[in-house]
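Descriptive structure summary
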Amino acid sequence: VTDLNVGLYITAILALSRTASERNVAHQAMSLLHSYVEYCQTHDKVIASIIPFNAVITAWGKMNNRRNNQASQNARRVLNLMYELNRQQPLVFGQVQPEALTYNAVMHATKNPLHVESILKQMQSHSIAPDAYTYTILTAVHAQNGNPEMAESYLREMQSLYDNGQNIDIKPT
């Protein structure tokens, strides 16, 4: 980070994301992210980082509970914002490319199997390979929602990808 203000934004957003289980902290992190985006858009030679986007998504994941779909929706909004900014202003937001970690954080923000499946499809449509943590989330969400067959199918898929050498980074343990 060459711009001191960018570094301060990132530090503040990371600090908020670490305490996001407290009430309204995810909202504060989201607000600060919007300020960060505006700062990046209005200052020459500033290249945005993926770090604050992932941190805000993580903050929403910490706020998640079964009765509140807001965390999941807001995590997906940040993901969509990343793609939108990258497409509209690639010189500033070119490094804001969602990765497996980003999608895993979005998945972690929901307990709804249909939402998790939708996020997985979006991830794969952008040619981002699921990692071991992705499979852990998929398995857990399905198991927690009374669908052990689907959870087991993801374990088998993970094992198959590893055994066939298609993804040696996802060795089931």
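Scroll up to find the structure.
Structural notes, computed from the coordinates. Throughout, residues of each chain are indexed from 1 in the direction in which the sequence is written. Reporting of local features is limited, given that this is a predicted model, to residues whose pLDDT is at least 70; pairs of side-chain atoms are given and counted only at 80 or more, and all residues count toward the totals for whole chains, interfaces and linings. Think of the side-chain values as coming from all heavy atoms in the structure, minus any hydrogens and water.

Take the packing of helix 6 (residues 100-108) against helix 7 (residues 113-125) next. Where helix 6 meets helix 7, the axes come as close as 10 Å, and the angle between the chain directions of the two elements is 165°. Relative to helix 7, the element helix 6 lies roughly antiparallel. Every pair of crossing elements has a handedness; the one defined by helix 6 and helix 7 is right-handed. Between helix 6 and helix 7, the contacting residues are Ala100, Tyr103, Val106 and Met107 on the first element and Val116, Ile119, Leu120, Gln122 and Met123 on the second. A breakdown of the residues in the contact of helix 6 with helix 7 according to their chemical character gives eight nonpolar, one polar and no charged. For helices, the fitted axis covers only the stretch in contact; all axes are lines through C-alpha atoms, and the angles between them, taken along N-to-C directions, range from 0 to 180 degrees. Going along the chain from the N terminus, every DSSP run of H or I of four or more residues is numbered as a helix, and every run of E of two or more is numbered as a strand. If an angle is under 35 degrees, it is roughly parallel; if it is over 145, roughly antiparallel; if it lies from 65 to 115, roughly perpendicular; otherwise it is oblique. Take the far helix as your reference; a near helix turned counterclockwise from it by less than a right angle gives a left-handed crossing, and one turned clockwise gives a right-handed crossing. Should any heavy atoms of two residues lie within 4.5 Å, those residues are considered in contact. Residue polarity follows a fixed list, in which Ala, Val, Leu, Ile, Met, Phe, Trp, Tyr, Cys and Pro are nonpolar, Asp, Glu, Lys and Arg are charged, and the others, Gly among them, are polar.

The next thing to look at is the pattern of salt bridges. Put simply, a salt bridge is a Lys or Arg side-chain nitrogen that is within 4 Å of an Asp or Glu carboxyl oxygen. Under the criterion given, the structure shown has one salt bridge. Residues Glu152 and Arg156 are paired through a salt bridge, measuring 3.0 Å at the closest nitrogen-oxygen approach. Of this pair, Glu152 and Arg156 both sit in helix 9 (residues 148-163), four residues apart, roughly one helical turn. For each residue, the accessible area found with a 1.4 Å probe, counting protein chains only, is set against the maximum for its type, and the residue is called buried under 20%, exposed over 50%, and partly exposed in between. Note on Glu152: relative accessible area 46%, which makes it partly exposed.

The next point concerns the environment of Cys40. Checked against the element boundaries, Cys40 lands in helix 2 (residues 25-42). Cys40 sits 16 residues away from Val56 along the chain, and the two C-alpha atoms are 17 Å apart. When near neighbours in sequence (up to four residues on either side) are disregarded, Cys40 contacts Val46, Ala48, Val92 and Phe93.

Another point: the packing of helix 4 (residues 70-88) against helix 6. Running from N to C, helix 4 and helix 6 point in directions that differ by 155°, and their axes come no closer than 9 Å. One finds that helix 4 runs roughly antiparallel with respect to helix 6. Between helix 4, through Ala75, Arg76, Leu79, Met82 and Tyr83, and helix 6, the contact on the second element is made entirely by Thr102, Tyr103 and Val106. Grouping the amino acids of the contact of helix 4 with helix 6 by side-chain chemistry returns six nonpolar, one polar and one charged.

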